Amino acid sequence: MIREKLDSYYSFVFEKELMDEMEQVGVYKKLRENELLVDLGDQMKGVPLLLDGAIKIVREDKKGEEILLYFLEKGDTCASSFASAISNGKCGIRAIAEKESEIVFLPKEKLDEWLVKYKSWRNFVIDSYNIRLNEMMETIDTLAFMRMDQRLYKYLTDKAQIMRETTLNTTHQDIAYDMHTSRVVISRLLKQLENEGKIKLHRNKIEILQF
């Protein structure tokens, strides 16, 4: 089953020999919606490859408040988990399944070996770091330069694209947690976006009308 899942996305990314090794050592796991994949302080024993679904990556401050960093989608891996596994350090992020998802865990003992052995794996890791760095820079720009209503609309459209759905099953409080603000602010801005014709509000659902 692992090989079929790997082939569905990674067959054109990795060499056959690497795919053979992944099939032998990888551990398949299915995640429920909102299931915790990685928590702050975890000692990483491997890295996840996302076969299907969407994973939310968040940071937590000293007060226990979270802020969304980025989403992972099919074909992605978590660069932070990779760095923690390689360095034997503790993980600095929390990863939560945004929807029902499928992953394969690759043991950290193989990560260094594959960097030397397979060019495709080196390229994949470097590309993953570049993508995550660009997303982090985009997050910083969003926080620094965008108005809150612009940030909210970007959050909604980005999430809809990751989820591959035009209707998001979420609450105002969930959005407030992700955006590190209050539910009252989010509710007011959502109503503003609805009045502008960009979204349609339903009970615990938000329909995106414009992208």
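Residues numbered from 1 in each chain as written. Predicted model: local features only at pLDDT ≥ 70, side-chain atom pairs only at ≥ 80, totals over all residues. Heavy atoms only, no water.

An unreviewed UniProt entry annotates the chain as CRP/FNR family transcriptional regulator, anaerobic regulatory protein originating from Lutibacter agarilyticus.

Draft legend 1. Here's a closer look at the UniProt feature "domain: HTH crp-type" (unreviewed entry) in the chain. Using the residue numbers shown here, the UniProt feature "domain: HTH crp-type" (unreviewed entry) corresponds to residues 146–211. The distance from the first to the last C-alpha atom of residues 146–211 is 17 Å, and the span holds 56% helix and 17% strand. (UniProt positions renumbered as here; feature names shortened; annotations may be inferred. Helix = DSSP H or I, 4+ residues; strand = E, 2+ residues; numbered from the N terminus.)

Draft legend 2. The nonpolar core, seen in detail. If you look at the biggest cluster of nonpolar residues, it comprises 36 residues, and the most contacted ones within it are L6, F14, M22, L49, I55, I57 and W121. The element contributing the most residues to this core is strand β3 (residues 46–52), with 4 residues. When neighbours within four sequence positions are excluded, M22 is seen to be in contact with L6, F14, L49, L106, W114 and W121. Counting residues in each nonpolar core, the second largest holds 22 residues, with L152, M163, M179 and L190 among its members. (Core = buried A, V, L, I, M, F, W, Y, C linked by side-chain atoms within 4.5 Å. Buried < 20%, exposed > 50% of the residue type's maximum accessible area, 1.4 Å probe, protein only. Contact = heavy atoms within 4.5 Å.)

Draft legend 3. Structural detail: the UniProt feature "domain: Cyclic nucleotide-binding" (unreviewed entry) in the chain. Look at the UniProt record and you will see "domain: Cyclic nucleotide-binding" (unreviewed entry) annotated at residues 17–77. Summarising residues 17–77: 15% helix, 49% strand, and an end-to-end C-alpha distance of 20 Å.

Draft legend 4. Representation of the sheet that holds strand β7 (residues 101–107) in the model. Spatial strand order, β1-β7-β3: 3 strands in an open sheet with antiparallel pairing. The sheet terminates laterally at β1 (27–31) and β3, the two strands that pair on one side only. For this sheet, the mean angle separating the axes of adjacent strands, direction not counted, is 30 degrees. Across 5 bridges, β1 lies against β7 in antiparallel orientation. Residue pairing for β7: K30 is matched across the bridge by E102. The strands that helix α1 (residues 2–10) touches are β1, β3 and β7; relative to β3, the one it contacts most, it runs at about 75 degrees. (Pairing = 2+ DSSP bridges. Axes fitted to C-alpha atoms, helices over the stretch in contact; angles between N-to-C directions.)

Draft legend 5. Looking closely at the packing of aromatic side chains. Enumeration over the complete set of coordinates arrives at 10 aromatic pairs. Ring centres of F14 and F124 lie 5.1 Å apart, and the angle between their planes is 75 degrees; this geometry places the pair in the edge-to-face category. Of this pair, F14 sits in the loop between α1 and α2 (16–25) while F124 sits in helix α5 (residues 119–145), placing them 110 residues apart in sequence. Pair check on accessibility: F14 and F124 agree, each one buried. The rings of Y9, Y10, F12, F14, F82, W114, W121, F124 and Y129 are connected pair by pair, giving a single aromatic cluster. When the ring centre of Y70 is taken as origin, the NZ or CZ atom of R132, which lies over that ring, is 5.1 Å away. Over the aromatic face of Y153 sits the side chain of K198, whose NZ or CZ is 4.9 Å from the ring centroid. (Phe/Tyr/Trp six-rings, centres within 6.5 Å; stacked < 30°, edge-to-face > 60°. Lys NZ or Arg CZ within 6 Å of the ring centre and 35° of its normal.)

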